[in-house]
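Residue strings, one per chain:
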Amino acid sequence: MIVLLGVLVVILGFVTRRNPVLVVGVAGIATGLLARMDPSAILAAFGTAFADSRSVTVFAIVLPVIGLLERYGLREQARTLIGRLGRLSAGRFLTVYLLVRQITAAFGLNNLGGPAQTVRPLVAPMAEAAAERTAGAKLPDRLREKVRSYAASADNVGLFFGEDCFIAIGSILLITGFVNSTYHQNLEPTQLALWAIPSAVCAFVIHGARLLLLDRRLEREMAATAAENAYPLPHASEEAGK
C-alpha cells in the first residue's frame, strides 16, 4: 500500500498548481522508487507507456491539420453558418453542444470533440458569432474571452461526466479492477456506468442552466459597455483631452 503514496504526490502537485506534466512525472518516479524499482526500469516504464499511448503523440498530426483548416477560412465559415441560424444564441448553442458532447462521450466517442480540434476552430467562433448577432454589436475582448471560456467548459463538462457512462472507459475498468482484486468483490463495469448516469444528468442540468444564463450576462454587460461609451466618466474625458 505504500506505493499509493504516489497518488498523494499528484494531489499535492495539483493543489499547489504545479505543472501537470512535472507533477505526473515526479509521481511516477516516486511510485517506482517506493516499489523498489531500478532507475533503468523506471525509465523503461516511462518509455513503454509513452510508446503504447498513441493519443499522447496524436497532437503532432492534429495541430498542423487544424492550422491549415484555419488558414483556409474554417473559423470564418463557422461564423457564417451560425449567422444563418437566427434564434440560436450563444447560450443555447453551447447547451446543445454540451448535450451532444455528453451523448457521444457516453458511447465512447471521446475524440469527436476537444479543445484543440473542435472548440478553438469551430465551437468558440460559432458561439462568438451568435453572441454578436444577438447583441447587434461586436463583443469587447473581455466578453469574447468569457464566451471562449464557456465554450471550453461545455466541452470539458460534457466529456468528464459523459465518458463514465461508457463501460469500456479506462476509469471504469480501473475502479472495477482495483475493487475486485483488493476487496474480493464482483463489481461489474455496467453497475458503475449505470450509477454514472444520474451524475451526468445533474451535470447537464446545472451547467446547462449556467450556459443559458450566459445570454443574460452578456446582454447586461454589453448594455453597461454601451452606456460607458455613450456617457464617459468626467475624469476619463479629461485624461483623454490631456
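Above this text sits the structure in question.
None of these values were measured; they are calculated from a predicted model. (Residues numbered from 1 in each chain as written. Predicted model: local features only at pLDDT ≥ 70, side-chain atom pairs only at ≥ 80, totals over all residues. Heavy atoms only, no water.)

Asker: So, a positive patch on the surface: which residues are in play, and what are the values?
Answerer: Judged by side-chain charge, Arg210, Arg216, Arg217 and Arg220 come together as a positively charged surface patch. With respect to the element layout, Arg217 can be found in helix α11 (residues 189-230). (Patch = residues over 30% accessible without salt bridge, like charges linked within 9 Å, V, L, I, M, F, W, Y side chains within 5 Å. Areas by Shrake-Rupley, 256 points an atom, 1.4 Å probe, with all protein chains shown as cover. Salt bridge = Lys/Arg side-chain N within 4 Å of Asp/Glu carboxyl O. Lys, Arg positive; Asp, Glu negative; His and termini not counted. Charge placed at Lys NZ, Arg CZ, Asp CG, Glu CD. Helix = DSSP H or I, 4+ residues; strand = E, 2+ residues; numbered from the N terminus.)

Asker: Talk me through the packing of aromatic side chains; I want residue IDs and the actual numbers.
Answerer: Inspection of the entire model under this criterion finds one aromatic pair. The interplanar angle of 75 degrees and the centroid separation of 5.1 Å between the aromatic rings of Phe160 and Phe161 together place this pair among those described as edge-to-face. Under the relative-accessibility criterion, Phe160 is labelled exposed at 51%. (Phe/Tyr/Trp six-rings, centres within 6.5 Å; stacked < 30°, edge-to-face > 60°. Buried < 20%, exposed > 50% of the residue type's maximum accessible area, 1.4 Å probe, protein only.)

Asker: Can you lay out a nonpolar patch on the surface for me, pointing to particular residues and giving the numbers?
Answerer: Taken together, the side chains of Ile2, Val3, Leu4, Leu5, Val7, Leu8, Ile11, Leu12, Val15, Leu34, Phe178 and Tyr183 present a nonpolar region at the surface, about 1100 Å² in accessible area. Broken down by secondary-structure element, the contributors of at least two residues to the nonpolar patch are α1 (5-15) and α10 (170-183). Element by element, the count of residues in the nonpolar patch is highest for α1, at six residues. Here Val3 is to be found in the segment before α1.

Asker: How would you summarise the pattern of salt bridges if you had to cite specific residues and measurements?
Answerer: What the rule picks out here adds up to seven salt bridges. With a shortest N-O distance of 2.6 Å, Glu128 and Arg148 are connected by a salt bridge. One end of the pair, Glu128, is in helix α8 (residues 115-135); the other, Arg148, is in helix α9 (residues 141-162), with 20 residues separating them in the sequence. According to the relative accessible area criterion, Arg148 is partly exposed, its value standing at 30%. For the salt bridge of Lys146 with Glu221, the shortest nitrogen-to-oxygen distance reads 2.8 Å. Of this pair, Lys146 sits in helix α9 while Glu221 sits in helix α11, and the two are 75 residues apart along the sequence. Residue Glu221 is classed as buried on the basis of its relative accessible area of 17%. Taken together, the shared-partner salt bridges in this structure form one network comprising Glu128, Glu132, Arg144, Glu145 and Arg148.

Asker: Talk me through the side chain of Arg101; I want residue IDs and the actual numbers.
Answerer: If you trace the backbone, Arg101 turns up in helix α7 (residues 90-106). The residues contacting Arg101, other than those within four sequence positions of it, are Leu109, Asn110, Leu112, Gly113, Gly114, Asp155, Gly158 and Leu159. (Contact = heavy atoms within 4.5 Å.)

Asker: Describe α7, and please don't skip the residues or the numbers.
Answerer: Here α7 contains 17 residues, and its C-alpha end-to-end distance of 24 Å stays within 8% of the 24 Å for a straight helix at 1.5 Å per residue. Buried within α7 are the following residues: Ala90, Gly91, Phe93, Leu94, Thr95, Tyr97, Leu98, Arg101, Gln102, Thr104 and Ala105. Of the residues trailing α7, Gly108 is marked for its positive phi of about 85 degrees. (Expected span 1.5 Å × (residues − 1).)

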